[in-house]
Amino acid sequence: MASNSFFFLHVLVMFSLASMTLSDSLSPSFYDHICPQALPAIKRVVEDAVRKERRMGASLLRLHFHDCFVNGCDASILLDKTATIDSEKTAVPNNNSIRGFDVIDKIKSEVDKCCGRPIVSCADIVAVAARDSVVALGGPTWKVPLGRRDSITASRTAANNDIPTPFMDLPALINNFKKQGLDEKDLVALSGGHTLGFAQCFTFRNRIYNETNIDSTFARQRQANCPRSGGDSKLAPLDPTPALFDSKYFSNLVSKKGLLHSDQALFNGGQTDNLVKKYSTNLGSFSKDFVESMIKMGNIKPLTGNQGQIRVNCRKVN
């Protein structure tokens with residue numbers, strides 16, 4: 001009888017594991033029973049990476065954003081080019097600018113070691129790493145819904161078409177986010193991710209030399225490190241405190257010191273002005289809305305259940 005009981009218990013446990021790993025909806029507790037060590041392992045590696053290079057926090061946040069905007073949050077952005085994979089890494093918004101792949105590789109290695117096998121998807125690793133990066137740089141925390149699976153395809157064309165550009169005006173930005181099921185509040189809150197990180201000279205050159213809705217002193221300061229020609233990859237901070245999650249990004253917009261055209265477009269006489277003004281003086285309100293919009297973005301078309309796969313190597317299909 002005892003052996004029979006053990007057999008049935010074993011079958012029940014295996015069935016429970018199978019049902020948990022093939023869930024059709026995302027849940028913050030997805031890995032609680034199958035690998036409770038997973039999330040602490042991700043946090044350790046992210047904190048170590050951000051300690052070594054503060055800018056990496058912004059890069060990991062951007063990686064999640066650029067992943068989700070191209071056919072959903074499915075880690076397609078991590079796939080290298082092959083005969084059958086049209087890698088998103090070389091798309092215009094990503095080429096020579098998207099970063100953090102080595103950190104994701106390290107997280108994947110550590111997590112698989114902790115869990116004993118590949119249980120945690122690369123898509124979930126990207127989502128959790130984004131949250132842990134925000135926290136490491138002084139921002140709010142949140143429970144990340146989990147259970148995404150990894151894509152077996154990528155699309156450079158979709159990346160070129162769907163990732164918003166730094167040259168967009170407000171109507172184009174609103175339309176771009178709307179296509180992803182995101183509204184104007186999401187647009188402003190998620191753009192607030194630019195409270196962290198840097199941009200390359202070629203993305204803001206036209207703004208600092210040719211646009212009029214810009215503080216003249218700020219423009220001159222940026223021109224000092226971004227010439228009219230050449231120096232395309234020279235960096236400038238997106239706000240005055242690029243390694244601290246705060247509301248200075250929005251204060252800058254109110255003062256006409258947005259670095260990118262798409263940043264200043266949020267405060268330029270349009271329907272998002274009031275929200276920018278509100279966030280500029282209310283970090284708590286911005287943080288709350290940012291968290292809600294990050295969760296909403298993380299829910300864009302995830303692969304769940306039997307869809308996709310759990311990659312062994314985040315850079316290639318199994």
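Per an unreviewed UniProt entry, the chain goes by the name Peroxidase and belongs to Datura stramonium. Of the chain, the UniProt comment under Function (unreviewed entry) reads exactly: "Removal of H(2)O(2), oxidation of toxic reductants, biosynthesis and degradation of lignin, suberization, auxin catabolism, response to environmental stresses such as wounding, pathogen attack and oxidative stress."

Participant: Got a minute to help me understand unusual backbone geometry in this structure?
Facilitator: Peptide bonds are, in most cases, trans, and in most cases residues other than glycine have a negative phi. In this structure, Lys 256 takes a positive phi of about 60° despite not being glycine. Inspection of the secondary structure puts Lys 256 in the loop between helix H11 (248-254) and helix H12 (261-264). On the accessibility criterion, Lys 256 (43% relative accessible area) is partly exposed. Positive phi outside glycine occurs at Lys 301, with the angle close to 40°. Position of Lys 301 among the secondary structure elements: in the segment after helix H14 (283-298).

Participant: What is the right way to read the UniProt feature "domain: Plant heme peroxidase family profile" (unreviewed entry) in the chain from this model?
Facilitator: Mapped onto the present numbering, the UniProt feature "domain: Plant heme peroxidase family profile" (unreviewed entry) falls at residues 25-318. End C-alpha to end C-alpha, residues 25-318 measures 23 Å, and it is 47% helix and 2% strand.

Participant: Would you explain the state of the cysteines in this entry?
Facilitator: As used in these notes, a disulfide is a covalent bond between sulfur atoms, one from each of two cysteines. Enumeration according to the criterion identifies 4 disulfides in this entry. Here Cys 68 connects covalently by a disulfide to Cys 73, the sulfurs 2.0 Å from one another. Around the S-S axis, the bridge from Cys 68 to Cys 73 shows a dihedral of about 120° and counts as right-handed. Here Cys 73 falls in the buried class, since its relative accessible area comes to 0%. Numbered by order of appearance in the sequence, the disulfide-linked cysteines of the chain pair as 1-4, 2-3, 5-8, 6-7. Note on Cys 114: no disulfide assigned, nearest cysteine sulfur contributed by Cys 115 at a separation of 6.3 Å. Residue Cys 114 is classed as partly exposed on the basis of its relative accessible area, which comes to 27%.

Participant: Quick question: what am I supposed to make of the side chain of Asp 289 here?
Facilitator: Tracing the sequence through the fold places Asp 289 in helix H14. Note on Asp 289: relative accessible area 6%, which makes it buried. Separated by 2.6 Å, the side chains of Asp 289 and Tyr 279 make a polar contact. The residues contacting Asp 289, other than those within four sequence positions of it, are Lys 185, Ala 189 and Tyr 279.

Participant: It is not clear to me how the layout of surface pockets should be interpreted in this structure. Could you clarify?
Facilitator: The gaps of empty space that remain are located by a probe, the size of a water molecule, rolled over the atoms. What the largest pocket holds in volume is close to 880 Å³. Around the largest pocket, the lining is made up of 40 residues, and of these Arg 62, His 66, Pro 164, His 194 and Leu 260 lie nearest the centre. When contributions to the lining of the largest pocket are tallied by element, the ones reaching two or more residues are helix H3 (55-68), helix H7 (170-178), helix H8 (184-191), strand E1 (198-200), helix H9 (201-210), H12 and H14. Ranked by the residues each element gives to the lining of the largest pocket, the list is headed by H3, at 7 residues. Within the lining of the largest pocket, the residues separate by chemical class into 23 nonpolar, 13 polar and 4 charged.

Participant: Sorry, what's going on with helix H4 (residues 101-115) here?
Facilitator: Since the α-helix packs 3.6 residues into each turn, any two residues three or four apart lie on the same face. If you check H4, its first and last C-alpha atoms are 21 Å apart, about what 15 residues at 1.5 Å a residue would give, namely 21 Å. The set of residues buried in H4 consists of Phe 101, Val 103, Ile 104, Ile 107, Lys 108, Val 111, Asp 112 and Cys 115. Considered in projection along H4, the buried side chains sweep an arc of 160° and stay on one side of the axis. Looking at H4, the residues exposed on the side facing more than 90 degrees away from the buried face are Asp 102 and Lys 113. Each element contacted by the buried residues of H4 is listed here: helix H2 (38-52), H3 and helix H5 (122-136). Just beyond H4, the residue with positive phi is Gly 116, at close to 85°.

Participant: Would you take a moment to explain empty space enclosed by the protein for this structure?
Facilitator: Per the counting criterion, the structure on display carries 1 cavity of 30 Å³ or more. Reported here for the largest cavity is a volume of approximately 50 Å³. Lining the largest cavity are His 64, Ala 127, Trp 142, Val 144, Pro 145, Arg 148, Met 294, Ile 295 and Gly 298. No other element matches the 3 residues that H14 contributes to the lining of the largest cavity.

Participant: Mind showing me how you'd approach the confidence of the model for the chain here?
Facilitator: Here the chain averages 94 in pLDDT, while 93% of its residues score no lower than 70. This model gives residues 5-9 a pLDDT under 50, and the stretch forms 0 contacts once residues within four places in sequence are excluded. When the criterion is pLDDT under 50, residues 11-21 qualifies, and its contacts beyond four places in sequence or with other chains add up to 8 contacts.

Definitions and cut-offs
Residues numbered from 1 in each chain as written. Predicted model: local features only at pLDDT ≥ 70, side-chain atom pairs only at ≥ 80, totals over all residues. Heavy atoms only, no water. UniProt positions renumbered as here; feature names shortened; annotations may be inferred. Helix = DSSP H or I, 4+ residues; strand = E, 2+ residues; numbered from the N terminus. Buried < 20%, exposed > 50% of the residue type's maximum accessible area, 1.4 Å probe, protein only. Disulfide = S-S within 2.5 Å. Polar contact = N/O pair within 3.5 Å; in protein donor to acceptor, adjacent residues only side chain to side chain. Contact = heavy atoms within 4.5 Å. 1 Å grid on protein atoms, 1.4 Å probe; cavity = no way out; pocket = protein on both sides within 12 Å on 5 of 7 lines; lining within 4 Å. Points joined across faces, edges and corners; volume = space filled by probe spheres on them. Nonpolar A, V, L, I, M, F, W, Y, C, P; charged D, E, K, R; others polar. Expected span 1.5 Å × (residues − 1). Arc of directions from axis to C-beta. pLDDT = per-residue confidence, 0-100.

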